[in-house]
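Descriptive analysis of the structure
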Amino acid sequence: MIRPWTDALARMRGRIARTAASMTAGFPHFADPATGAWTTSPAGDWTGGFWNGMLWLAARYGDDPRSRAWAAEWTARLAPRADSDTVFRGFLFYYGAALGWLLCGDAAARDVALAGAHGLAASYNPRAEALPLGAAAEEASDVGAGEANVDTVQASALLLWAHRETGDAVLRDIALRHAARHIEFCLREDGSVCQSASFDPASGRMLRRYTHKGITDDSTWARAQAWGILGWTLTHAWSGEARFRDAAERAADWWLAHAPADRVAFWDFDDPKIPDTFRDTSATAIVTASLLTLAPRASTPERARAYRDAAEATAAALVERHLRPDGLLADGCYSPRIGLATRHELVWGSYYLFEALHALAGLRDPAKIV
Ligand code: GLY
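Residues numbered from 1 in each chain as written. Predicted model: local features only at pLDDT ≥ 70, side-chain atom pairs only at ≥ 80, totals over all residues. Heavy atoms only, no water.

Some remarks on the site of the ligand
Here is the rule we go by: Each residue is tested against the molecule or strand, and it is near if at least one of its non-hydrogen atoms lies within 4 Å. Counting of polar contacts relies on pairs of N or O atoms within 3.5 Å, with two restrictions inside protein: one atom must be capable of donating a hydrogen and the other of accepting it, and residues adjacent in sequence are counted only when both atoms are side-chain atoms. Methods summary: accessible areas were calculated by the Shrake-Rupley approach with a probe of 1.4 Å, and residue burial reflects only the protein chains presented.
Around the ligand, a shell composed of Trp-46, Phe-88, Glu-138, Glu-139, Asp-151, Lys-213, Trp-221, Arg-223 and Trp-227 is seen. Here an oxygen atom of the ligand and a side-chain polar atom of Lys-213 are 2.6 Å apart. One of the side-chain N or O atoms of Trp-227 is found 2.7 Å from an oxygen atom in the ligand. For the ligand, whose free accessible area comes to 190 Å², the fraction covered by protein is 100%.

Below is the structure:
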C-alpha cells in the first residue's frame, strides 16, 4: 500500500519544483485546472504559509537539493506579515515558518515564526477570550475586532509551539482560551460546525452565529467542519488537553457520518443541488490530514482504527480521482458565493494532501507532533 502514496508524492513534488523554479514574485494561491497556471498573492494573503509548508516538507523528505533554499527564501518573504492585523497569522507562521524549525532546524525560520506568534498574541481580546479575525483577514466583509470563525482555531497551534520555544505562559493561556471559546462559538450540539460568530468586543458576549462562505447561516460548509476538526486536533496534540480531543472527535464523527460514500465532500453539506454541485477537495484533504493526526490520540481503539481507515480511504479517493499526473490537485472550491475558483487547485488543499501523504508513506509518524 506504500507505492500509490510514493507515486502521488513524486507527482506533487514535481509540481512544487516546477512552480518554485518559475515563480519570481508572490505566493501560489490557486491554480486554473485548464492551464495549471497559478494566481498568486503578492504578500501571501492568508495562504502563503501553506506554500512554504510544502517547501519545508520537500526540503526535509524530498531529494531535490533546491528545496531548502526555496523554503528559506519564501519564509523570509513572509516575515513582514508579522504585523498584519489578521488572525490568519496562525496559518502563515505555523506552516510557513515554524515548520522550517521543526522539520529542518532552520533558526531563521524559528525567528520569523516567533515574530508572527508574538504579533498574533498581541491581537488577543481577553474579554472575548478569542483572537478576532482582524481588519486584514481575507474575507471581503464581516472582518475586524468583533468577528470570529472556526477557520482560525489552528492559530492556537502556533501559540502553543511558541510557548514551548519560549516558556511564555501567556501564549499558552491565549491559545487554550481561543480554541475553547470557538467550541462555544462554532460547535453545534450534533457535532456539525457553524463557520462564524460575532461578539461584542467590549463585553466578549456572543451576538450571533453566521457564515462567511457557506450556503446559509444554518448549513454546514465543508471547510468549517474541516477547519474545526483540524484546529481542535492540533490544539489537543500540542496541549494534551482532553477537551480539545473531545471537540475534534465530535466534529470528526459528524464528518464521517455525513461524508458521501465516495469520500470526497461537496462544498456545503446542505447544498440542495447535491450531487450536481461543486466538490471541495481542499476540505477533504484538511480532514484527511487531521484524521491521521487524531487517530493515534483518539479516546478509544475503535475510534483510532476508524479514523486511520477513513484517512487512508479518503486519501486514496483524492489521489485516484482528483490528483492529476502533473501533480495538480483539482476540484477545490474556494468560494461559490463570489464565484471564485470553484473547481481549482487551492494551495491549502495541496498542502494538507501533501502532509497526509508523508504520513501514509511512512516518512513521518503522525503520533509525533510533526
Ligand atoms: N477562511 C479560510 C477558508 O476559506 O477556508
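Some points on the packing of helix H8 (residues 222-239) against helix H9 (residues 242-258)
Quick note on the threshold: Here the axes come from fitting lines to C-alpha atoms, over the contacting stretch only for helices, and the angles between their N-to-C directions go from 0 to 180 degrees. Helix and strand labels come from DSSP, where a helix needs a run of H or I of at least four residues and a strand needs a run of E of at least two; each type is numbered from the N terminus. For classification, angles of less than 35 degrees are called roughly parallel, those exceeding 145 degrees roughly antiparallel, those between 65 and 115 degrees roughly perpendicular, and all remaining angles oblique. Rotating anticlockwise by less than a right angle from the far helix to the near helix defines a left-handed crossing, while the corresponding clockwise rotation defines a right-handed one. Only heavy atoms matter for contacts: two residues are in contact if any of them lie within 4.5 Å across the pair. Only Asp, Glu, Lys and Arg are considered charged, only Ala, Val, Leu, Ile, Met, Phe, Trp, Tyr, Cys and Pro nonpolar, and every remaining residue, Gly among them, polar.
For the pair H8 and H9, the least separation of the axes is 8 Å and the interaxial angle reads 150°. The orientation of H8 relative to H9 falls into the category roughly antiparallel. Every pair of crossing elements has a handedness; the one defined by H8 and H9 is left-handed. Judged by residue contacts, Ala-222, Gln-225, Ala-226, Ile-229, Trp-232, Thr-233, Thr-235, His-236 and Ser-239 of H8 engage Ala-242, Phe-244, Arg-245, Ala-247, Ala-248, Ala-251, Ala-252, Trp-254 and Trp-255 from H9. Looking at side-chain class alone, the contact of H8 with H9 contains 12 nonpolar, 5 polar and 1 charged residues.

Description of the environment of Asp-262
Topologically, Asp-262 is positioned in the loop between H9 and helix H10 (281-294). It is 8.2 Å that separates the C-alpha atoms of Asp-262 and Thr-314, two residues lying 52 residues apart in sequence. Separated by 2.8 Å, the side chains of Asp-262 and Arg-279 make a polar contact.

So, the pattern of salt bridges
Going by this rule: In what follows, salt bridge is the name for a side-chain nitrogen of Lys or Arg lying within 4 Å of a carboxyl oxygen of Asp or Glu. When a residue's accessible area, from a 1.4 Å probe over protein chains only, is under 20% of the maximum for its type it is buried; when over 50% it is exposed; and in between it is partly exposed.
The final tally for this structure, using the stated rule, is 22 salt bridges. One salt bridge in this structure joins Glu-241 and Arg-172, with 3.6 Å as the shortest N-O distance. Taken together, the residues Glu-241 in the loop between H8 and H9 and Arg-172 in helix H7 (residues 169-186) connect sequence positions 69 residues apart. When its relative accessible area of 23% is taken as the criterion, Glu-241 is described as partly exposed. Its relative accessible area of 25% is what places Arg-172 among the partly exposed residues. Ionic pairing is found between Arg-243 and Glu-241, a salt bridge with its closest N-O pair at 2.7 Å. Among the charged side chains, a network of salt bridges with common partners joins Glu-129, Asp-173 and Arg-177.

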